[in-house]
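Structural characterization, general
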Amino acid sequence: MAERFRPDLRWSDVTPRDAWLSRRRLIAAGGAAAGIALAAPAAARIEAAPSRWSTDERQNSFEDITRYNNFYEFGTGKEDPAANAHRLTTDPWAVVIDGLVDRPGTYDLADVLAGQPMEERIYRLRCVEAWSMVVPWIGFELAGLLSRVGVQPSAKYVAFQTLLRPEEMVGQRSRMIDWPYVEGLRLDEAMHPLTILATGLYGEPMPNQNGAPIRLVVPWKYGFKSIKSIVRISLTADEPPCTWNVLQPGEYGFYANVNPEVDHPRWSQATERRIGDGLLARRRPTLMFNGYAEHVAGLYAGMDLARYY
Ligand code: MTE
């Protein structure tokens, strides 16, 4: 990982979070020029209740979480999303919810969020590339939204799609992926209380590079399942296509459950590097289902996890 600052990073991307917040307060108060911080309004924070599902592990810094990203729509390098995602327009934003639902439609983001209880969920995120982070997400259970639109009995899967907008998403000008990025879950996985739609982190609206304005977080699966900047959610009878599975089926399965016993064909999944630990720190053992086994192992009872990886 190259810890290199780029001149085109925004100020918030290269600044310790406290300094960044106080600078924002200064700007908000119009005091930057005068150098006065008095009477600055607090930065807007999202109200969210703590959650019983949160881990008490040390959280990664705001900088770790917003400068080391996978978001191929903005480039393939870890620092590309932080450098390029400011181009993304996230307001207005609508989400199409369709397929096997009682109330299909194009929902404005405000309607998607209406009435959903926002919580802070501190989750481990384990990337298939064998690194991990701990992120304080702000979000709500996907099950709440699905119940509101009414899932029909014939629905077995949920398909998700990211925005397609190459004018703003510079990575979409490359053909390496058949855009838009798509992902999917089995319905029982989507309805599990651990599965959330996140709209923020560290108490603030979602940074663009992390999937603004709304992204999925499924903590027991490799990070690539947690699709960003969602514009469509479809309930289907058949298993939907998933970007990495379509691209390299021998390396990335539909389930993508974190599993230390099933290696990626090109590297081990037995251990992981926690971002922020430093390059000399000991690797950590990877936990089955990313440590959420007691809650989700039952979803896969009787399945051969080496076959359904
Ligand atoms: N969603 C979209 N649309 N495009 C992507 O390239 N990358 C995935 C996932 N969601 C990706 C995506 C991968 S590989 C990971 S590890 C996580 O986003 C990273 O989330 P983070 O950058 O917020 O840590």
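Counting restarts for each chain, with residues numbered from 1 along the sequence as it is written. This being a predicted model, a pLDDT of at least 70 is required before a residue's local features are given, and a value of 80 or more before pairs of side-chain atoms are given or counted; all residues contribute to the totals for chains, interfaces and linings. Hydrogens and water are ignored here; the side-chain numbers use all heavy atoms of the structure.

**As for the pairing of strand β5 (residues 131-141)**
Quick reminder of the rule: When a residue's accessible area, from a 1.4 Å probe over protein chains only, is under 20% of the maximum for its type it is buried; when over 50% it is exposed; and in between it is partly exposed. Helix and strand assignments follow DSSP, with helices taken as H or I runs no shorter than four residues and strands as E runs no shorter than two, numbered in order from the N terminus. For two strands to pair, DSSP has to find at least two bridges joining them.
With respect to burial, β5 is a largely interior element, 10 of its 11 residues being buried. Where strand β4 (residues 119-126) lies against β5, eight bridges are found, and the strand directions are antiparallel. Each residue of the ladder has a partner; that of Glu 119, found in β5, is Gly 139. Hairpin connection, β4 to β5: the antiparallel pair is bridged by four residues, and Ala 130 has positive phi, about 70 degrees.

**Quick look at the pairing of strand β3 (residues 105-108)**
In this structure, strand β2 (residues 94-99) lies alongside β3, joined through four bridges in antiparallel fashion. Bridge pairing in β3 places Ala 94 opposite Asp 108.

**Comments concerning the site of the ligand**
Spelled out, the test is: Nearness here has a simple test: a residue counts as near a molecule or strand if at least one of its heavy atoms is within 4 Å of that partner. In the analysis that follows, any N or O atom pair within 3.5 Å is treated as a polar contact, provided that within protein one partner can donate a hydrogen and the other can accept it, and provided that, for residues neighboring in sequence, both atoms belong to side chains. Only the protein chains shown count as covering a residue, and every accessible area follows the Shrake-Rupley method with a 1.4 Å probe. Side-chain classes follow a simple rule in which Ala, Val, Leu, Ile, Met, Phe, Trp, Tyr, Cys and Pro form the nonpolar group, Asp, Glu, Lys and Arg form the charged group, and the remainder, Gly included, forms the polar group.
Surveying the vicinity of the ligand reveals 16 residues, the closest of which are Asn 69, Tyr 72, Glu 73, Ser 226 and Lys 228. At 2.7 Å from an oxygen atom of the ligand is found a main-chain nitrogen or oxygen belonging to Tyr 72. Within the side chain of Glu 73, an N or O atom sits 2.8 Å from a nitrogen atom of the ligand. Within the complex, 98% of the 540 Å² of free accessible area of the ligand lies under protein. Considering only residue class, the shell around the ligand consists of seven nonpolar, six polar and three charged.

**Description of the nonpolar core**
Threshold: Joining through side-chain atoms within 4.5 Å is the link that ties buried Ala, Val, Leu, Ile, Met, Phe, Trp, Tyr and Cys residues into a set, and such a set is a nonpolar core.
In this structure, Trp 137, Phe 160, Leu 197, Ile 214, Leu 216 and Ile 233 are the most contacted members of the largest nonpolar core, which totals 75 residues. Considering each element in turn, this core owes the most residues, six residues, to β5.

**A short note on the environment of Ala 48**
Let me state the cut-off plainly: The contact criterion used throughout is that any non-hydrogen atoms of two residues lie within 4.5 Å.
Tracing the sequence through the fold places Ala 48 in the loop between α1 (17-28) and β1 (49-50). Since its relative accessible area comes to 28%, Ala 48 is described here as partly exposed. With sequence-adjacent residues up to four places away left out, Ala 48 is seen in contact with Met 118, Glu 119, Glu 120 and Ile 138.

**Quick notes on unusual backbone geometry**
The step from Asp 91 to Pro 92 runs through a cis peptide bond, and the omega angle for that step is 5 degrees. Structurally, Pro 92 can be placed in the loop between α3 (80-84) and β2. Residue Pro 180 is bonded to the preceding Trp 179 through a cis peptide linkage, with omega at 0 degrees. Structurally, the position occupied by Pro 180 is in the loop between β6 (157-162) and β7 (182-186). The phi dihedral of Tyr 202 is positive, around 50 degrees, even though this residue is not glycine. Here Tyr 202 is to be found in the loop between β8 (196-201) and β9 (204-205).

**A closer look at the side chain of Asn 257**
With respect to the helices and strands, the residue Asn 257 is situated in the loop between α7 (243-247) and β12 (271-274). Here the side chain of Asn 257 touches Trp 220 through a polar contact of 3.2 Å, side chain to side chain.

**Here we look at the packing of aromatic side chains**
Which entries qualify depends on this criterion: Note on aromatic contacts: the rings of Phe and Tyr and the six-membered ring of Trp form a pair at centre separations within 6.5 Å, being stacked when their planes are under 30 degrees apart, edge-to-face when over 60 apart, and tilted otherwise. To sit over a ring, a charge needs its Lys NZ or Arg CZ within 6 Å of the ring centre and within 35 degrees of the ring normal.
One pass over the structure, following the stated rule, counts 12 aromatic pairs. Centroid distance Tyr 157 to Phe 254: 5.8 Å. Interplanar angle 80 degrees. Geometry classified as edge-to-face. Placement of the pair is Tyr 157 in strand β6 and Phe 254 in the loop between α7 and β12, with a sequence separation of 97 residues. Joined through ring pairs, the aromatic side chains of Tyr 157, Phe 254, Tyr 255, Phe 289, Tyr 300 and Tyr 308 make up one cluster. Sitting over the ring of Trp 53, Arg 52 keeps its end group 4.1 Å from the ring centre. Seen from the ring of Phe 254, Lys 225 lies directly overhead, with NZ or CZ sitting 4.4 Å from the centre.

**Observations concerning the pattern of salt bridges**
Selection rule: We define a salt bridge as a contact between a side-chain nitrogen of Lys or Arg and a carboxyl oxygen of Asp or Glu at a distance within 4 Å.
Scanning all chains against the criterion turns up 15 salt bridges. Where Arg 58 meets Asp 277, a salt bridge forms, and the shortest distance between an N and an O atom there is 3.8 Å. Taken as a pair, Arg 58 in the loop between β1 and α2 (62-67) and Asp 277 in the loop between β12 and β13 (284-285) lie far apart in primary sequence, 219 residues in all. You can call Arg 58 exposed: its relative accessible area is 60%. On the accessibility criterion, Asp 277 (26% relative accessible area) is partly exposed.

**Structural notes on the sheet that holds β7**
Keep this limit in mind: All axes are obtained by fitting lines to C-alpha atoms, using only the stretch in contact for helices, and the reported angles, taken between N-to-C directions, cover 0 to 180 degrees.
One open sheet holds the five strands; their spatial order is β3-β2-β11-β6-β7, and the pairing between them is mixed. The outermost strands of the open sheet, each flanked by one partner alone, are β3 and β7. Strand-to-strand twist of the sheet, defined as the mean angle between neighbouring strand axes without regard to direction, takes the value 20 degrees. Relative to the sheet, helix α5 (residues 142-149) contacts β2, β3, β6 and β11 (230-236), its axis offset from that of β11 by approximately 65 degrees.

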